[in-house]
Amino acid sequence: MNVASRNSARTRITKPPQDQSVIKGTQASMVCGVTHDPRVTVRYVWEKDGTALGMESNPRIRLDKNGSLHISQTWSGDIGTYTCRVLSAGGNDSRSAHLRVRQLPHAPEHPVATLSTTERRAINLTWAKPFDGNSPLLRYLLEMSENNAPWTVLLASVDPEATSVMVKGLVPARSYQFRLCAVNDVGKGQFSKDTERVSLPEEPPTAPPQNVIASGRTNQSIMIQWQPPPESHQNGLLKGYIIRYCLAGLPVGYQFKNITDADVNNLLLEDLIIWTNYEIEVAAYNSAGLGVYSSKVTEWTLQGVPTVPPGNVHAEATNSTTIRFTWNAPSPQFINGINQGYKITRGEHSAPCLALSCSAAEQHTKVNSQKDGCPWLVGVYVAFPFLGGGSPGSWAPRLSLSIGPDCGRELGLFWNILAALPELLASPQLIAWEPEQEEEVTMVTARPNFQDSIHVGFVSGLKKFTEYFTSVLCFTTPGDGPRSTPQLVRTHEDVPGPVGHLSFSEILDTSLKVSWQEPGEKNGILTGYRISWEEYNRTNTRVTHYLPNVTLEYRVTGLTALTTYTIEVAAMTAKGQGQVSASTISSGVPPELPGAPTNLGISNIGPRSVTLQFRPGYDGKTSISRWLVEAQVGVVGEGEEWLLVHQLTNEPDARSMEVPELNPFTYYSFRMRQVNIVGTSPPSQPSRKIQTLQAPPDMAPANVTLRTASETSLWLRWMVRKRELQAHRLLP
């Protein structure tokens, strides 16, 4: 019994230390669990590779009361076999375990970069395998520096067993430097030394110059412009450019120009043939040779000007505001280029903007205006611009042009360029002007009629019953040809406008005197005046008299005392009675100056209009003939200028009105006055401050230019009218 008890209490290691693998700098712990008789004292002794550990002299090593060994800040010197020995009166025991300390791999050694002898644009890289940090290598990371640029990752996972790699797809004439590092499960080691820098030899450029553009400058020169090939395809330092050119479509050889300065990106080809189509190509070169030529661009030298005007020109008035033109086109041999079509320009005469839009199928163009009283210069231009090869017989309508208003400064051009544009079709031009006002001109553009020999065009919006000189001319791109002999044409007679300054005087109980002035717009020969009067709202009391054209006043008699009458005066021509001017007056009661409107309100605010509501002021014992609207525009406040922005005539019972033609996105304050035959009232109180809404731009882009880009494309450029867009708050 005692023997069995002693055997069961024998000292032995029941929880031995285990092999360990730790990362450098971390702590390693090895346990040594012992079973023993509680009455027996146990002593632990740890050895490394057969040598006892001196724990007192090494603070990194610690032994706890349970016999476990702890090593902090592990490093490669701690690698080895550790043995736990247990010594006691109850017996001795020992167990061993291995400690492995892992760390980052070392840098690859002896990296060398050399040009490949078997591959173009390739470099061979070799190195020696580094110390793996006691952990198998997972991969290599390869970085590259091109032309001293910052390092970038070239290959993120190179085989860990490899000691060489070929780097392909490099760019000629560039220098390269490499470095690499090894990666294990601990992490990425240090990079190797940088290789010597290796430069690839130059090669001829492998891409043509970009954005090659040709434009005719004179009738014997063409300007060529281009940009260098992409840098990645230059393959060396560019030395210059070769330009080759020849007549388009003809079996002739090339001519060459050599640009020896790579910084020059344009050339003026001179001494060319007048009005001739050329094919042009550009290639770059470096020390290794000539690169790739660009795609062909074609361009015409410019034209001369016509030497004869259109023939058989005839102009006649069709109504009071329109003149009709007919003419024959000049013979092509005298046009000296491509006819540039019929277009519209305008003179400086506060005239409304004109708009023209017509299809190629139309045989005439009509130009409309919203305002009479403008002198017009009208003539005819002819044009057929086209691009690339072809002959006049092959011209077809491929371009639609429209010309729109631009707020009274100049006409904007809008191009609707249709697909596959080998040629452009254009139109003719008309001119008319009042005698002694030739400097104030409007030119009307219309397309030619290819089916008929006679061309037809119209100019509208002219002054009524006014004489105009008319003429026709043909132009090409360089300039205008001679005008046809001017013809004097008078627009037709029409009914006159309203008489001027209707007034009353010498007002008695049974009579008064009515005075007026001739109409500002007679629109013909005045044949007389019609004067009518009736008791207010009693048409059965109307009395009418017709007066000679020299009469500008009339005494109305037979009136009833203290009665309100409506009196009307209208001028007449052979075409009929003109617009009526009317007012009310009370017999025996002289009219007075009216009072100011009140209760001014604003509604229906839009981009270009608002609606004003108001209460009329004192009418001055006569009817109100006109309402005036004044506004402060942009800057609103006391002391700011008031401008007349609208007036409404012959609406004496008005209580609201629309105010049109305002500026979009602009601050306004309004006030009103009312006018009778005596004069104008004081202004009303100002309205509240409002802001009109935004609107799309009404200005066309400026400096629009259209140039040949290739046989099937155009180069269109323009400038934004920034100030006008800022006025509409569409640009910052």
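These figures come from a predicted structure and were not determined experimentally.

K.L.:
Could you give an account of the overall build of the chain, with specific residues and numbers?
P.N.:
Assigned secondary structure in the chain consists of two helices and 54 strands. Taken as a whole, the chain presents about 36,100 Å² of accessible surface, with 50% of it coming from carbon and sulfur.

K.L.:
An account of a nonpolar patch on the surface is needed here, citing residue identities and associated values.
P.N.:
Judged by side-chain polarity, Leu716, Trp718 and Val720 come together as a nonpolar surface patch covering roughly 290 Å² of accessible area. Mapped onto the elements of the fold, tryptophan 718 is located in strand β54 (residues 713–719).

K.L.:
Summarise the pairing of strand β13 (residues 139–146); cite the residues concerned and give the values.
P.N.:
Counting buried positions over the eight residues of β13 gives six, a clear majority of the element. Sheet topology note: the β13/strand β16 (residues 175–183) ladder contains eight bridges and is antiparallel. When the bridges of β16 are listed, tyrosine 140 appears paired with alanine 182. Pairing geometry for β13 and strand β14 (residues 152–158), over four bridges, is antiparallel. Across the sheet, the residue bridging to glutamate 143 is valine 153, located in β14. Following β13, the chain reverses through five residues before pairing antiparallel with β14; asparagine 147 in that reversal takes a positive phi of roughly 50 degrees.

K.L.:
Now, about the packing of aromatic side chains: what can you tell me, with residues and values included?
P.N.:
Aromatic ring pairs are reported here in terms of the distance separating the ring centres and the angle at which the planes meet. Tallied over the entire structure, the rule returns nine aromatic pairs. Relative to tryptophan 300, the ring of tryptophan 275 lies with its centre 4.4 Å away and its plane at 35 degrees, an arrangement referred to as tilted. Here tryptophan 275, found in the loop between β22 (266–269) and β23 (277–286), pairs with tryptophan 300, found in strand β25 (residues 297–300); they are 25 residues apart in sequence, far enough to count as distant. Given the relative accessible area of 15%, tryptophan 300 is considered buried.

K.L.:
An account of unusual backbone geometry is needed here, citing residue identities and associated values.
P.N.:
Unusually for a residue other than glycine, glutamine 73 sits at a positive phi of about 50 degrees. With respect to the element layout, glutamine 73 can be found in the loop between β8 (69–71) and β9 (80–88). Phi angles above zero are rare outside glycine, and asparagine 235 is one such case at about 60 degrees. The topology assignment puts asparagine 235 in the loop between β19 (221–227) and β20 (238–247).

K.L.:
Lay out the environment of arginine 555 with the relevant residues and their values.
P.N.:
Note on placement: arginine 555 falls in strand β42 (residues 553–556). Among the polar contacts listed, one links the side chain of arginine 555 to the side chain of serine 511, at a separation of 3.1 Å.

K.L.:
Describe in detail the sheet that holds strand β3 (residues 28–30), supporting the description with residues and values.
P.N.:
Strand order in the open sheet made by the three strands is β3-β8-β7, with antiparallel pairing throughout. The open sheet terminates on both sides in strands that have one partner only, identified here as β3 and β7 (61–63). The sheet shows a mean angle of 15 degrees between the axes of neighbouring strands, taken without regard to direction.

K.L.:
A description of the confidence of the model for the chain should follow, citing residues and the corresponding values.
P.N.:
Atomic detail in the predicted coordinates should be set aside for any region of low pLDDT. Across the chain, the average pLDDT comes to 82, with 82% of residues at or above 70. Across residues 342–427, confidence stays below pLDDT 50; counting only partners more than four residues off in sequence or on other chains, it has 307 contacts. Low pLDDT, under 50, characterises residues 727–732; the stretch is placed with 20 contacts to residues that sit more than four places away or in other chains.

K.L.:
Summarise the pairing of strand β47 (residues 610–615); cite the residues concerned and give the values.
P.N.:
Pairing analysis gives four bridges linking strand β46 (residues 598–603) to β47, with the strands arranged antiparallel. Among the inter-strand pairings, isoleucine 602 is bridged to a residue of β47, identified as leucine 612. Pairing geometry for β47 and strand β50 (residues 656–659), over four bridges, is antiparallel. Bridging across to β50, leucine 612 finds its partner in methionine 657.

K.L.:
Describe the state of the cysteines, naming the residues involved and giving the relevant values.
P.N.:
Taken as a whole, this structure holds one disulfide when the rule is applied. A sulfur-sulfur distance of 2.0 Å marks the disulfide that ties cysteine 32 to cysteine 84. Disulfide cysteine 32-cysteine 84: torsion about the S-S bond near -90 degrees, hence left-handed. Taken together, the positions of cysteine 32 in the loop between β3 and β4 (33–35) and cysteine 84 in strand β9 put the pair 52 residues apart, joining distant regions of the chain. For the residue pair cysteine 32 and cysteine 84, the accessibility class agrees, reading buried in each case.

K.L.:
Describe the side chain of serine 145, and please don't skip the residues or the numbers.
P.N.:
Structurally, the position occupied by serine 145 is in strand β13. Dropping the residues within four chain positions of it, serine 145 is found in contact with Pro150, Trp151, Ser175, Tyr176, Gln177 and Arg197.

K.L.:
Tell me what's going on with the pattern of salt bridges, and back it up with residues and numbers.
P.N.:
Applying the stated rule across the entire model yields 28 salt bridges. A salt bridge links glutamate 203 to arginine 121; its shortest N-O distance comes to 2.6 Å. In this pair, glutamate 203 is assigned in the loop between β17 (198–199) and β18 (210–218) and arginine 121 in the loop between β11 (109–115) and β12 (123–128), connecting sequence segments 82 residues apart. Overall, the relative accessible area of 26% leaves arginine 121 in the partly exposed class.

K.L.:
Please set out the sheet that holds β9 residue by residue, giving values where relevant.
P.N.:
Pairing within the open sheet is mixed, and its five strands lie in the order β2-β10-β9-β5-β6. This sheet does not close on itself; its edge strands, each paired only once, are β2 (20–23) and β6 (51–52). Bridge analysis of strand β5 (residues 42–48) against β6 gives two bridges, and the strand direction is antiparallel. Residue pairing in the sheet places glutamate 47 in a bridge with alanine 52 of β6.

K.L.:
Give me the lowdown on the environment of glutamate 640, citing residues and values where you can.
P.N.:
Mapped onto the fold, glutamate 640 is located in the loop between β48 (626–633) and β49 (643–649). Given a relative accessible area of 35%, glutamate 640 falls into the partly exposed group. With residues near it in sequence (within four places) discarded, glutamate 640 still touches Gln632 and Val635.

K.L.:
Describe in detail the environment of serine 157, supporting the description with residues and values.
P.N.:
Along the chain, the position of serine 157 falls in strand β14. Serine 157 sits in the exposed class, given a relative accessible area of 59%. For the pair formed by serine 157 and arginine 139, sequence separation is 18 residues and the distance between their alpha carbons is 5.4 Å. Excluding anything up to four places from it in sequence, serine 157 contacts Arg139 and Tyr140.

Analysis parameters
- Counting of residues starts from 1 at the beginning of each chain's written sequence and follows it residue by residue.
- Totals for whole chains, interfaces and linings use every residue, but because this is a predicted model, local features are given only for residues with pLDDT of at least 70 and side-chain atom pairs only at 80 or more, for both listing and counting.
- No hydrogens and no water enter the side-chain calculation; it runs on all heavy atoms of the structure.
- Helix and strand labels come from DSSP, where a helix needs a run of H or I of at least four residues and a strand needs a run of E of at least two; each type is numbered from the N terminus.
- Computed with the Shrake-Rupley method and a 1.4 Å probe, the accessible areas treat only the protein chains shown as cover for residues.
- Any residue with relative accessible area above 30% and no salt bridge may belong to a patch, with like charges joined within 9 Å and the nonpolar Val, Leu, Ile, Met, Phe, Trp and Tyr side chains within 5 Å.
- Salt bridges, as used here, are contacts in which a Lys or Arg side-chain nitrogen is within 4 Å of a carboxyl oxygen on Asp or Glu.
- We call a residue buried when its accessible area falls under 20% of the maximum for its residue type, exposed when it is over 50%, and partly exposed in between, using a 1.4 Å probe and counting protein chains only.
- Two strands make a pair as long as DSSP finds a minimum of two bridges between them.
- Geometry of aromatic contacts follows a simple scheme: Phe, Tyr and Trp rings, the Trp one being its six-membered ring, pair when their centres are within 6.5 Å, and the pair is stacked under 30 degrees between planes, edge-to-face over 60, tilted otherwise.
- In the analysis that follows, any N or O atom pair within 3.5 Å is treated as a polar contact, provided that within protein one partner can donate a hydrogen and the other can accept it, and provided that, for residues neighboring in sequence, both atoms belong to side chains.
- Interaxial angles span 0 to 180 degrees and are taken between N-to-C directions of axes, which are lines fitted to C-alpha atoms, for helices over the stretch in contact.
- Per-residue confidence from the prediction method is given by pLDDT, with values spanning 0 to 100.
- Contacts are assigned to residue pairs that have any heavy atoms within 4.5 Å of one another.
- Two cysteine sulfur atoms form a disulfide, by the criterion used here, when they sit within 2.5 Å.

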